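# A look at the structure
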Amino acid sequence: MTWRPESWQSKPAVQQPTYADATTLAAAVEDLRRLPPLVTSWEVDALRRQLAEAEAGQRFVLQGGDCAESFADCRPEIITNRLKVLLQMSLVLVHGMKTRMTRIGRFAGQYAKPRSADLETKNGVTLPAYRGDLVNAPEFTAAARRPDPQRLLEGHMRSAMTINFVRGLIDGGFADLHHPEYWDLAWVQHSPLAAEYQARVDAIGESLRFMERLAGTDLHEFNRIDFHTSHEALVLWYEQAQTRQVPRKSGWYNLSTHFPWIGMRTADLGGAHVEYCRGIVNPVGVKIGPAITQDWLLGLCDALNPANEAGRLVLIHRMGADKIADHLPRLIECVRKADRRVLWISDPMHGNTQTTASGIKTRRFDDILSEVTQAFSIHASCGSRLGGVHLELTGEDVTECLGGARDLLEKDLERAYRSQVDPRLNYEQALELALKMAALRGSG
C-alpha cells in the first residue's frame, strides 16, 4: 500500500485527544497544512548525516529541553536560558569527550504529553486529563480541559517564534566559541561547580587561540553551531498537517521538526504512530524500556528502518538505574546479532521517576547519574557505543529533582516546583551531569 501522511488513520491510534467537532478539527488541520514549514528538508538531511556520524563514534548527541513546553513560556528569557544551558553542557562535553557534538533541543513543538489515564478526578469531579498545551489547558475546569483543535495552530505559531528566536541568536553570534561568557547564567558565580566549569572554558579558549595563532587567522567555523529541534510525534493530526513533499527530493518530510520520536506508550508495531513514522524521511527515535521484547525491538527496526540506513533510527533506552543492567545487554546483543544499524541514546530521566510521601513527582540526581554511568559501561562491555543522552532540563532555577551539588531535599521541592508534568533537572544539576559525563568519557 502506498504510504500517505494520513495512512495512520487506518491503524489503532492511542493517546489521541477526543475532539467534539470533526468539522472544526478538519478546518484546523487544513489551515495548518497551508502554513509554512518550521524546518527545511536540507536541515533534516544534515541531521541524518550527523546521526550517522554519531553511530560511527565521530559525534555525541546532546538532546535536552522541557518535559512539556507551555505556551506561556514562549518568552525570550526562558528560550535564551534553555539555549544557554544546552550550550554550556555541550561545551563541557566537547572538552571532556574530545569529539564533535550534535545539539538537539527538546523544544519548538514539545507541547503534547502522553498520559496514563484519559480522565482525572478531583473532589468528585471527573474531567479529561491535561495532555499538554497543544491539546488543552492545565486548569481543572471543563472549559480548560476540553480538547481544542485551534491549539494545533497556536502550537505551530509558538514553535515558529521559538525557532525564529533561536536561529536569530545563533546567527547573531550568541553561540560563538570565542565568547562563551555570553552563555553565562547568573548562578555561575556562586555555584559549587563554577571553578570546574570556568577551568574548562579557559582551556577551550586557550586551545582556540593557539589554533588561530598557528593558522594566522580567525577560525570562523567556531563562530556558530548547528542546532536542531525535536519533539514527541504524539498528536498525529498535527504531524500529518506538516508532512509534505519538497521539490527535487523523493519521499515525505515532517517539517514541523528535525527529529520526531515515538514514546513507549505509542510504540505498538500495529499502531498509528509507527505507521506514521515509517513513512517520513526524517530520522526517527523510539523510546524503549524494560518491557520491550526482542521480537518487538526487531519489528520496530524492520518497520522504521527497512533499508538499514545509518542515521535513520535512534533507540532511546529508558530503563531506570535499578533495571538497566538486567535489560539493556540483551537488547544490545539482539540488535548486534541482527546486524541492525541504530544509534543508541540514553534517557536516564523517565525510568527514575518516583513520588514523595506528600505526593510530589520527582527524580533523584544520583539515580540519573547512575543510569548514565551504567549505560556507558554496558555499551562498552557489549562492544557497542552510547552515542548520546536525552534529558529533561530547564535553564531556570527550579527545584524539581532531588540531590545534585546543592543536595536538594524533599522540603526544597515546594520552593520552585513549576513543571505541569514531569520533574526536570535545573540548570545547575544539568551542568553537573555534563561535567560528570565528561569525566567518565575523558577517563575512559
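Cut-off values and rules
The residue numbers shown here count from 1 along each chain, following its written sequence. This being a predicted model, a pLDDT of at least 70 is required before a residue's local features are given, and a value of 80 or more before pairs of side-chain atoms are given or counted; all residues contribute to the totals for chains, interfaces and linings. Heavy atoms throughout the structure, all of them, feed into the side-chain values; hydrogens and water do not. We call a set of buried residues a nonpolar core when its members are Ala, Val, Leu, Ile, Met, Phe, Trp, Tyr or Cys and they connect through side-chain atoms within 4.5 Å of each other. The buried label applies to any residue whose accessible area, calculated with a 1.4 Å probe on protein chains only, is under 20% of its type's maximum; exposed applies above 50%, and partly exposed to all values in between. A run of H or I in DSSP becomes a helix once it reaches four residues, and a run of E becomes a strand once it reaches two; helices and strands are each numbered from the N terminus. The criterion used for residue contact is that any of the two residues' heavy atoms lie within 4.5 Å. Between N or O atoms, a polar contact is any pair within 3.5 Å; within protein, one atom must be a potential hydrogen donor and the other a potential acceptor, and residues adjacent in sequence are included only when both atoms are from side chains. Salt bridges are defined by distance alone: a side-chain nitrogen of Lys or Arg within 4 Å of a carboxyl oxygen of Asp or Glu. By definition here, a helix of n residues has an expected span of 1.5 Å times n minus one. Whether two strands pair depends on DSSP finding at least two bridges between them. Note on geometry: axes are lines fitted to C-alpha atoms, helical ones only across the stretch in contact, with angles between N-to-C directions running from 0 to 180 degrees. Think of it like this: strands point away, you trace from the first strand over the helix to the second, and a clockwise trace means the crossover is right-handed.

This brings us to the nonpolar core. Core analysis: the largest hydrophobic core is formed by 97 residues, its most contacted members being Leu93, Leu152, Leu304, Trp344 and Leu425. Ranked by the residues each element gives to this core, the list is headed by helix 3 (residues 76-97), at nine residues. In contact with leucine 152, other than residues within four places in its own chain, are Tyr19, Leu25, Val29, Leu32, Leu134, Val235, Trp237 and Tyr238. Ranked by size, the runner-up nonpolar core spans 11 residues in total, among them Leu47, Ile104, Trp261 and Val314.

Time to look at the environment of lysine 249. Residue placement: lysine 249 occurs in the loop between strand 6 (243-244) and strand 7 (253-254). Residues lysine 249 and serine 41, 208 residues apart in the sequence, show an inter-C-alpha distance of 8.8 Å. In this view, lysine 249 contacts Ser41, Trp42 and Asp45; residues no more than four positions away in its chain are not counted. A distance of 3.1 Å separates polar atoms of two side chains, one belonging to lysine 249 and the other to serine 41.

Scanning the model with the defined rule gives 33 salt bridges in all. Taking the shortest distance from any N to any O, the salt bridge between glutamate 309 and arginine 48 comes out at 3.0 Å. With glutamate 309 in the loop between helix 9 (294-304) and strand 10 (313-317) and arginine 48 in helix 2 (residues 41-55), this residue pair connects regions lying 261 residues apart in the sequence. Notably, a salt bridge pairs glutamate 275 with arginine 278, separated by 2.9 Å at the nearest N-O pair. Taken together, the residues glutamate 275 and arginine 278, both in helix 8 (residues 272-278) and three residues apart, mark about one turn of the helix. Accessibility expressed as a relative area gives 32% for arginine 278, which makes it partly exposed. Sharing partners across several salt bridges, the network here consists of Arg106, Lys113, Lys361, Arg363, Glu392 and Asp422.

Next up on the list: helix 11 (residues 365-381). The end-to-end C-alpha distance of helix 11, which contains 17 residues, comes to 24 Å, matching closely the 24 Å that a straight helix rising 1.5 Å per residue would cover. The complete set of buried residues in helix 11 reads Phe365, Ile368, Leu369, Glu371, Val372, Ala375, Phe376, Ile378 and His379. At the exit of helix 11 stands glycine 383, carrying a positive phi of roughly 70 degrees.

With that settled, consider the sheet that holds strand 12 (residues 353-355). Taken together, three strands build an open sheet; the order of strands is 12-13-15 and the sheet is mixed. Edge positions in the sheet fall to strand 12 and strand 15 (401-402), since each of these pairs with one other strand and no more. One ladder, built from two bridges, connects strand 13 (residues 361-364) with strand 15; its direction is parallel. Bridge pairing in strand 15 links arginine 364 to leucine 402. Each of strand 12, strand 13 and strand 15 is contacted by helix 11, which is oriented at about 55 degrees to strand 13, the strand it contacts most.

Residues of strand 11 (residues 343-346) alternate between two faces, with Leu343 and Ile345 on one and Trp344 and Ser346 on the opposite face, all of them buried. Bridging between strand 10 and strand 11 involves four bridges; their strand directions are parallel. Of the residues in strand 11, the one forming a bridge with histidine 317 is serine 346. Tracing the backbone out of strand 10, into helix 10 (residues 324-337) and back to the parallel element strand 11 gives a crossover that is right-handed.

Position of threonine 394 among the secondary structure elements: in the loop between strand 14 (386-392) and strand 15. The spatial distance from the C-alpha of threonine 394 to the C-alpha of isoleucine 78 is 8.6 Å, given a sequence separation of 316 residues. With residues near it in sequence (within four places) discarded, threonine 394 still touches Asp66, Val85, Arg424, Leu425, Asn426 and Tyr427.

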